[in-house]
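The chain contents come next:
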Amino acid sequence: MMPSAIARRPARRVMRGITLLELMIVVVIVGIMSSLAYPQYLNYRDRANRTEAKSALLNLVIDQERFYLNASTFTNDLTDLGYSAATDWPTRSGTYLVNVTAADASNFTATATYQGTGAEKDRCLTFTITADGAETSAPDTNCWTRTR
């Protein structure tokens, strides 16, 4: 008696879906990649916010100079310069508040103050610029030049 053709074929297993081991490998790989990428994202975000604060202050200097040409004095009131608030004007992302802390006929001082929490508050809490272009920052003194 000859075995039938059906009996000679090896049994095929149809695989559907994924195993738990394969799923755990993917989870581990995604976890490792995100643990490497997230700190870099935070650094990038902080640098972008610093750049935004510096840009807002430099634009404020230009606006103050334009106001000075017309009024022969600098102003404390940001609405005189075309801003929407008289004091504490927020940058586009709202991370820094810009304010003219002192102004008279010959000089002004403008400051951008960080509004968030975390490590950035310990690095670049404030940016300051004066009419003569003196740029300072605190608590780190090199926030105007630091790119990382």
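This text follows the structure it describes.
What counts as what
- Residues numbered from 1 in each chain as written.
- Predicted model: local features only at pLDDT ≥ 70, side-chain atom pairs only at ≥ 80, totals over all residues.
- Heavy atoms only, no water.
- Helix = DSSP H or I, 4+ residues; strand = E, 2+ residues; numbered from the N terminus.
- Rg over C-alpha atoms; globule rule 2.2 N^0.38 Å.
- Buried < 20%, exposed > 50% of the residue type's maximum accessible area, 1.4 Å probe, protein only.
- Contact = heavy atoms within 4.5 Å.
- Lys, Arg positive; Asp, Glu negative; His and termini not counted.
- Charge placed at Lys NZ, Arg CZ, Asp CG, Glu CD.
- Pairing = 2+ DSSP bridges.
- Axes fitted to C-alpha atoms, helices over the stretch in contact; angles between N-to-C directions.
- Disulfide = S-S within 2.5 Å.

**Section: the overall build of the protein chain**
Step number 1: Counting its regular elements, the protein chain contains 3 helices and 5 strands.
Step number 2: For 148 residues, the compact-globule estimate of 2.2 N^0.38 gives 15 Å, and the protein chain exceeds it by more than 25% at 30 Å.
Step number 3: Its C-alpha atoms put the protein chain at 115 × 30 × 20 Å along the principal axes.
Step number 4: Per-residue burial for the protein chain yields a buried fraction of 27% across its 148 residues.
Step number 5: Sequence-distant contacts, at least 24 apart, represent 38% of the contacts inside the protein chain between residues at least 6 apart.
Step number 6: Here the protein chain contributes 15 positive and 14 negative side-chain charges, whose respective centroids are spaced 29 Å apart.

**Some points on the sheet that holds strand β5 (residues 135-139)**
Step number 1: If you trace the 5 strands from one edge of the open sheet to the other, you get β1-β2-β3-β4-β5, paired in antiparallel fashion. Of all strands in the sheet, those bounded by a partner on one side alone are β1 (89-90) and β5.
Step number 2: The sheet contact formed by strand β4 (residues 124-130) and β5 spans 5 bridges and is antiparallel. For Thr128, the partnering residue across the bridge sits in β5 and is Thr136.
Step number 3: Strands β1, β2 (96-103), β3 (108-114), β4 and β5 of the sheet are contacted by helix α2 (residues 20-71), whose axis makes an angle of about 20° with β4.

**Topic: the pairing of β4**
Regular strands show a simple pattern: their side chains alternate between the two faces of the sheet.
Step number 1: With 6 of 7 residues buried, β4 is to be regarded as a mostly interior element.
Step number 2: Pairing analysis gives 5 bridges linking β3 to β4, with the strands arranged antiparallel. Each residue of the ladder has a partner; that of Thr111, found in β4, is Thr128.
Step number 3: Between β4 and β5, which follow one another and run antiparallel, lie 4 residues, and Gly133 among them has a positive phi close to 90°.

**Quick look at the state of the cysteines**
Step number 1: Throughout the structure, instances matching the rule amount to 1 disulfide.
Step number 2: The disulfide bridge from Cys124 ends at Cys143, spanning 2.0 Å between sulfur atoms. Taking the torsion about the sulfur-sulfur bond, which here is approximately -90°, the covalent link between Cys124 and Cys143 counts as left-handed. Here Cys143 lies in the segment after β5 and Cys124 lies in strand β4, a separation of 19 residues in the sequence. Side by side, Cys124 and Cys143 carry an identical accessibility label, which is buried.

**Structural notes on unusual backbone geometry**
Step number 1: Cis geometry is adopted by the peptide bond preceding Pro139, which originates at Ala138 and carries an omega value of -5°.
Step number 2: By secondary structure assignment, the location of Pro139 is in strand β5.
Step number 3: Positive phi outside glycine occurs at Ser72, with the angle close to 60°.
Step number 4: Its place among the elements puts Ser72 in the loop between α2 and β1.
Step number 5: Unlike most non-glycine residues, Asp88 shows phi in positive territory, near 50°.
Step number 6: Considering the arrangement of structural elements, one finds Asp88 in the loop between α2 and β1.

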